[in-house]
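So the chains spell out like this:
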Amino acid sequence: MTWSRVARLDVGSVVEQVAEQSGVQLEVEGLCSGGEVGAAYVRWDDGRRSVLKWRPGTRLEDFQAGPIAVSEAARLAGLPVPRTELAVQLESAVATVQELLPGAPIAVLDERLLDQVLAVNEELRLLLAGNSTVPSLNLYLTFDGPGFCLHGPLRSHDRRTARLDDWITAVGADHPGPLRGDDAVHVDFHPGNLLAVDGKLTGIIDWDGAGRGDHRLDLVTLRFGLHGGEPDPAVVARLDATLDEIPPDILRPLWAHMSLRMTDWAIRHFTPADVDHWTALAETRMAR
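Residues numbered from 1 in each chain as written. Predicted model: local features only at pLDDT ≥ 70, side-chain atom pairs only at ≥ 80, totals over all residues. Heavy atoms only, no water.

Side note on helix H5 (residues 159-174)
Then step 1. The terminal C-alpha atoms of H5 lie 23 Å apart, and with 16 residues this matches the ideal 22 Å at 1.5 Å per residue to within 8%.
Then step 2. Among the residues of H5, Thr161, Ala162, Leu164, Asp165, Trp167, Ile168, Val171 and Gly172 are the ones counted as buried.
Then step 3. Buried residues in H5 make contact with helix H4 (152-157), helix H8 (248-269) and helix H9 (272-283).
Then step 4. Backbone nitrogen of Arg160 and a side-chain oxygen of the N-cap are separated by 3.1 Å at the start of H5; the cap is Asp158. (Helix = DSSP H or I, 4+ residues; strand = E, 2+ residues; numbered from the N terminus. Expected span 1.5 Å × (residues − 1). Buried < 20%, exposed > 50% of the residue type's maximum accessible area, 1.4 Å probe, protein only. Contact = heavy atoms within 4.5 Å. Polar contact = N/O pair within 3.5 Å; in protein donor to acceptor, adjacent residues only side chain to side chain.)

Right, dumping it as structure tokens:
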């Protein structure tokens, strides 16, 4: 079976639509590297540079109540988070223009940077306790997510991924409902979304899926993010030890979510070897 892929940014079309809807004319400088949907560097008429992003299947009011509210709370708390400078509804998608922060994505997360990343994660704890309007995140353990976290690809790919999906849905049955907690959760907390200059963390970008829940989901996301590259073994060991300290009943649904998310994405977008790569990591905590 052939599964659908997520649409990517058509920057020329989006810039034209932004101009029609808002009257703001942006000059495109080029696409940003990395990312699954895409982003582009743009310039305002005063010469200021920013980042244009596009989120399909999104309503502006939902985006403002969720990801924008979360990122703004984190920014006001003093974390290096870009300010959203413009947000526009474009038919069934939302386009945003965000502040361009200094630094480059972390190529290799070393222990010095890990200390800073763990400190940031702790700052997200209870950050939304005074804000009841930000919705809680779903983990999609027993039903499909909106374009990601699909169960069908795992059930049909092979016996190994089908077994993984059986485990994920069983975990979901034990942990029904949205993610609990009043923490700010980034959701895509991996080195590619962490900027640094000379060993100092300078930015946390790509808050497009952010919401309310348990900040430790971001630590699980980071662990999966490290698995995608060639990580420092000492950093992996420290992060695994940190995850080991999380009570199993809390860690299990967080791990199941990322197992579903990354394995589904690999089946639909990458190679069978990539599927095996993510499934192997998912299986390391299935019996715990």
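That was the structure; now back to the text.
Details of the environment of Arg285
Then step 1. Inspection of the secondary structure assignment puts Arg285 in the segment after H9.
Then step 2. Classification of Arg285 as buried rests on a relative accessible area of 7%.
Then step 3. Distance from Arg285 to Pro248, taken between C-alpha atoms, is 9.9 Å for residues 37 residues apart in sequence.
Then step 4. Excluding residues within four positions of it along the chain, Arg285 makes contact with Trp167, Asp240, Leu243, Asp244, Leu251 and Trp255.
Then step 5. Within polar-contact distance, the side chain of Arg285 engages the backbone oxygen of Asp240 at 3.5 Å.

Considering the nonpolar core
Then step 1. Formed by 31 residues in total, the largest nonpolar core has its most connected members in Trp167, Ile168, Leu217, Val220, Phe224, Leu243 and Trp255.
Then step 2. Going through the elements one at a time, H5, helix H6 (216-227), H8 and H9 are the ones with two or more residues in this core.
Then step 3. Among all residues touching Val220, those that are not within four sequence positions of it are Leu243, Leu251, Leu254, Trp255 and Met258.
Then step 4. Listed in part, the 26 residues of the second largest apolar core include Leu113, Phe189, Leu201 and Leu222. (Core = buried A, V, L, I, M, F, W, Y, C linked by side-chain atoms within 4.5 Å.)

With respect to the pattern of salt bridges
Then step 1. One pass over the full model with this rule turns up 23 salt bridges.
Then step 2. The salt bridge partner of Arg59 is Glu61, with a shortest N-O separation of 3.3 Å.
Then step 3. Overall, Glu61 belongs to the partly exposed group, its relative accessible area being 43%.
Then step 4. A single salt-bridge network, built from bridges that share partners, covers Asp46, Arg48, Arg83 and Glu85. (Salt bridge = Lys/Arg side-chain N within 4 Å of Asp/Glu carboxyl O.)

Looking at the packing of H6 against H8
Then step 1. Direction vectors running N to C along H6 and H8 enclose 45°, while the axes themselves pass 9 Å from each other. Comparing their axes, H8 and H6 come out oblique. H8 is crossed by H6, and the crossing has right-handed handedness. Residue-level contacts link Arg216, Leu217, Val220, Thr221, Arg223 and Phe224 of H6 to Ile250, Leu251, Leu254, Trp255, His257, Met258, Ser259 and Met262 of H8.
Then step 2. Per-class residue counts for the contact of H6 with H8 are nine nonpolar, three polar and two charged. (Axes fitted to C-alpha atoms, helices over the stretch in contact; angles between N-to-C directions. Parallel < 35°, antiparallel > 145°, perpendicular 65-115°, else oblique. Left-handed = near helix turned anticlockwise from the far one by under 90°. Nonpolar A, V, L, I, M, F, W, Y, C, P; charged D, E, K, R; others polar.)

Brief notes about the sheet that holds strand S8 (residues 194-197)
Then step 1. The sheet built from three strands is open, its strands ordered S6-S8-S9 with antiparallel pairing. Here the strands that pair on one side only, and so sit at the sheet edges, are strand S6 (104-105) and strand S9 (200-204).
Then step 2. Where S8 lies against S9, four bridges are found, and the strand directions are antiparallel. Across the sheet, residue Val197 finds its bridge partner in S9, namely Lys200.
Then step 3. Packed onto the sheet, helix H3 (residues 111-123) meets S8 and S9 and runs at close to 40° relative to S9. (Pairing = 2+ DSSP bridges.)

Some details on the sheet that holds strand S5 (residues 93-99)
Strands belonging to one sheet form pairs held by backbone hydrogen bonds; the direction of such a pair is parallel or antiparallel.
Then step 1. Read from one edge of the open sheet, five strands run S1-S2-S3-S5-S4, paired in antiparallel fashion. Either end of the sheet is taken by a strand with one partner, and the two such strands are strand S1 (27-31) and strand S4 (84-90). Put simply, the sheet's adjacent strands are angled 25° from each other on average, direction ignored.
Then step 2. Relative to S5, S4 is paired through six bridges, and the arrangement is antiparallel. Across the sheet, residue Thr84 finds its bridge partner in S5, namely Gln98.

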